[in-house]
Amino acid sequence: MTYTAVLQGLKVIELGQLIAGPFAAKTLADFGADVVKIEPPGAGDPLRKWRLLKDGTSVWWQVQSRSKRSLALDLRQTEAQDIVRKLVREADVLIENFRPGAMESWGLGPDELLALNPRLIMLRISGYGQSGPYRDKPGFGVVAEAMGGLRHLTAEPGRVPVRVGVSIGDTLAALHGVIGILLALQERQRSGQGQVIDVALYEAVFNCMESLLPEYSAFGEVRGPGGSALPGIAPSNAYPCRDGGYALIAGNGDSIFRRLMKIIGRDDLGNDPAFADNIGRVARVGELDAAIGEWAQQHTVDEVLAALDAAGVPAGRIYTVADIARDPHYRARGMIEEIRLDDGSTLAVPGICPKLSRTPGSHGRHAPLQVGQDSDAVLREIGLTPAQIQALKDKGIVAAGPQRVIS
């Protein structure tokens, strides 16, 4: 069956670098959008050199920039800014994650761009947003995670708060940005007008903090770190097992709790009216954790999970990436995709999420290996002649690497 990508025909310009803006653009590209990534000539996006490198390029790059085209422009130059304006006239979406004011300093602020193309949707991702007293402060994801309330919760009680092991603040902001773009596209169908989407990293994190603020407002409660438990919801924790591993057990539904207690041989707790609802269980969570922990320590992780699966109690192990790579469910769901690089080697990358039944996403092409490898093609599409393109290259305004498009 042949599918039409759900975002086929959507033209996206990606400005900025590293994580938040590019992740938003990557998500659109996964579903068929034509994303032109504008990079600085020379080194390009710094993500090309982040973490582990294969043949001089980050393997992360193959995830973050898949299905995009690379145009290398020196945005400090007037003629490069003119090229962006030409692209904007035909674009549906522009994504940028510079510090507030950078786009305006280049004459590429929303007032100028929406005047050129009133249908343009402009996503702006920054640490603190485009307004407010912190607007001009530099903001990275780790700082936003702390300001948004997440970092305070990620620790064992009494220990130093730790960072989530990935750039979760950037990713949450990117996903909020994608939601904003899709909402704006829907509204544009009615009004014919574009608009600006302002996403602050800290706000994206704060938006996921559940009952943190209303608990403080109503009760003066400052929720603290809960370690491996889920504060206020019981029982839900990581329990050490006989073989040294941990089982994550979530027995916090009323009927699930009774089934869990039956499995561990504690019907006395399961049938106790004091534990009939979450309020009662939270009040004596230490007693429940001790009972579950005592049972878990008598069994291996596999034995614990087999027993709980049979009883319909949510449970799981703590996965390493090695566990993920060999897990049959990941494979069956298409979440591990093997791609073949231009040197003939293969690389496993995450598959497409979410799953659409009629118009699924796809890995259209590999990330652009060379900075500016698509410059000539993109510039021809907006009407520049070969002579004009060469003149821009001679001035250093445009850079183009070897045309190594990998299909």
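Colleague: Please provide a residue-by-residue account of the sheet that holds strand S10 (residues 246–250), values included.
Modeller: Read from one edge of the open sheet, three strands run S9-S10-S11, paired in antiparallel fashion. Here the strands that pair on one side only, and so sit at the sheet edges, are strand S9 (236–240) and strand S11 (315–317). Adjacent strand axes in the sheet meet at a mean angle of 25 degrees when their direction is disregarded. Direction of pairing for S10 relative to S11: antiparallel, over a ladder of three bridges. Bridge assignment links Ala247 to a residue of S11, and that residue is Arg317. In the packing of helix H13 (residues 285–296) onto the sheet, the strands contacted are S9 and S10, and the crossing angle to S9 comes to about 35 degrees.

Colleague: Describe in detail the packing of helix H10 (residues 254–263) against helix H14 (residues 301–311), supporting the description with residues and values.
Modeller: It is the contact of H10 with H14, at a shortest axis distance of 10 Å, that shows an interaxial angle of 135 degrees. One finds that H10 runs oblique with respect to H14. For H10 against H14, the interelement crossing comes out right-handed. In this structure, H10 contributes Arg259, Leu260 and Ile263 to the contact, and H14 contributes Ala307, Leu308 and Ala311. Of the residues contributing to the contact of H10 with H14, the split by class is five nonpolar, no polar and one charged.

Colleague: Residue-level account of a nonpolar patch on the surface, with values.
Modeller: A contiguous nonpolar surface patch, about 420 Å² in accessible area, is contributed by Phe206, Leu213, Tyr216 and Val222. Tracing the sequence through the fold places Val222 in the loop between helix H9 (212–219) and S9.

Colleague: Tell me about unusual backbone geometry, and please be specific about residues and values.
Modeller: Most of the time, phi is negative for any residue but glycine, and the peptide bond is trans. Note the cis peptide between Ala234 and Pro235, where omega equals -10 degrees. Note that Pro235 resides in the loop between H9 and S9. The amide bond that connects Cys353 to the next residue, Pro354, takes the cis arrangement and shows omega of 5 degrees. Here Pro354 lies in the loop between strand S13 (346–350) and helix H17 (375–381). Phi at Asp55 takes a positive value of approximately 55 degrees, unusual for a residue other than glycine.

Colleague: Lay out the nonpolar core with the relevant residues and their values.
Modeller: Note on soluble globular proteins: their nonpolar side chains tend to be buried together. In this structure, Val12, Leu28, Ile95, Leu123 and Ile181 are the most contacted members of the largest nonpolar core, which totals 35 residues. Of all the secondary structure elements, the ones that give two or more residues to this core are helix H1 (20–30), strand S6 (93–96), strand S7 (121–126), helix H7 (168–191), strand S8 (195–200) and helix H8 (201–206). The greatest single-element share of this core, amounting to seven residues, is contributed by H7. Excluding residues that lie within four positions of it along the chain, Leu28 makes contacts with Leu7, Val12, Ala33, Ile95, Val178 and Ile181. Ile38, Val88, Ala102 and Met103 belong to the second-largest nonpolar core, a separate cluster that totals 29 residues.

Colleague: So what's going on with the confidence of the model for the protein? Residues and values would help.
Modeller: For residues with low pLDDT, the predicted coordinates do not support detailed interpretation. For the protein, mean pLDDT is 94; residues scoring 70 or higher make up 98% of the total. Low pLDDT (under 50) marks residues 403–407, which in the prediction has 13 contacts with non-local residues, meaning those over four places away or in another chain.

Colleague: Help me get a handle on H13, residues and values and all.
Modeller: With twelve residues, H13 extends 16 Å from end C-alpha to end C-alpha; this agrees with the ideal 16 Å at 1.5 Å per step. Among all positions of H13, only Leu288, Asp289, Ala291, Ile292, Gly293, Trp295 and Ala296 are buried. Where H13 is buried, its residues contact S9, S10, H10, helix H11 (267–270), helix H12 (278–283) and H14.

Colleague: Residues and numbers for the side chain of Arg281, please.
Modeller: Mapping Arg281 onto the fold places it in helix H12. Side-chain polar atoms of Arg281 contact the backbone oxygen of Ala234, separated by 2.9 Å. Ignoring any residue separated from it by four or fewer positions in sequence, one finds Arg281 in contact with Ala234, Pro235, Asn252, Gly253, Asp254, Phe257, Ala274, Phe275, Ala276 and Leu288.

Colleague: Describe the pairing of S9, with residues and values.
Modeller: Burial runs high along S9: four of the five residues are buried. Relative to S10, S9 runs antiparallel, the two sharing five bridges. Along S10, the bridge assignment pairs Ala238 with Leu248.

Colleague: So what's going on with the sheet that holds strand S5 (residues 68–73)? Which residues, and what values?
Modeller: Overall, mixed pairing links the seven strands, which are arranged S8-S7-S6-S1-S2-S5-S14 in an open sheet. The outermost strands of the open sheet, each flanked by one partner alone, are S8 and strand S14 (398–399). Here six bridges tie S7 to S8, and the two strands are oriented parallel to one another. Paired with Ser126 across the strands is Ala200, a residue of S8.

Colleague: Just give me the short version of the pattern of salt bridges, but keep the residues and values in it.
Modeller: Under the definition given, this model contains 28 salt bridges. The partner of Arg223 in a salt bridge is Glu215, and the shortest N-O contact between them spans 3.5 Å. The structure contains a network of salt bridges with shared partners spanning Glu14, Lys37, Asp45 and Lys68.

Colleague: So, the environment of Val282: which residues are in play, and what are the values?
Modeller: Along the chain, the position of Val282 falls in helix H12. Note on Val282: relative accessible area 31%, which makes it partly exposed. Through-space distance from the C-alpha of Val282 to that of Arg365 is 50 Å; in sequence the pair is 83 residues apart. In this structure Val282 touches Gly232, Ile233 and Ala234, once residues within four positions along its chain are discounted.

Criteria and cut-off values
- Residues numbered from 1 in each chain as written.
- Predicted model: local features only at pLDDT ≥ 70, side-chain atom pairs only at ≥ 80, totals over all residues.
- Heavy atoms only, no water.
- Pairing = 2+ DSSP bridges.
- Helix = DSSP H or I, 4+ residues; strand = E, 2+ residues; numbered from the N terminus.
- Axes fitted to C-alpha atoms, helices over the stretch in contact; angles between N-to-C directions.
- Contact = heavy atoms within 4.5 Å.
- Parallel < 35°, antiparallel > 145°, perpendicular 65-115°, else oblique.
- Left-handed = near helix turned anticlockwise from the far one by under 90°.
- Nonpolar A, V, L, I, M, F, W, Y, C, P; charged D, E, K, R; others polar.
- Patch = residues over 30% accessible without salt bridge, like charges linked within 9 Å, V, L, I, M, F, W, Y side chains within 5 Å.
- Areas by Shrake-Rupley, 256 points an atom, 1.4 Å probe, with all protein chains shown as cover.
- Salt bridge = Lys/Arg side-chain N within 4 Å of Asp/Glu carboxyl O.
- Core = buried A, V, L, I, M, F, W, Y, C linked by side-chain atoms within 4.5 Å.
- Buried < 20%, exposed > 50% of the residue type's maximum accessible area, 1.4 Å probe, protein only.
- pLDDT = per-residue confidence, 0-100.
- Expected span 1.5 Å × (residues − 1).
- Polar contact = N/O pair within 3.5 Å; in protein donor to acceptor, adjacent residues only side chain to side chain.

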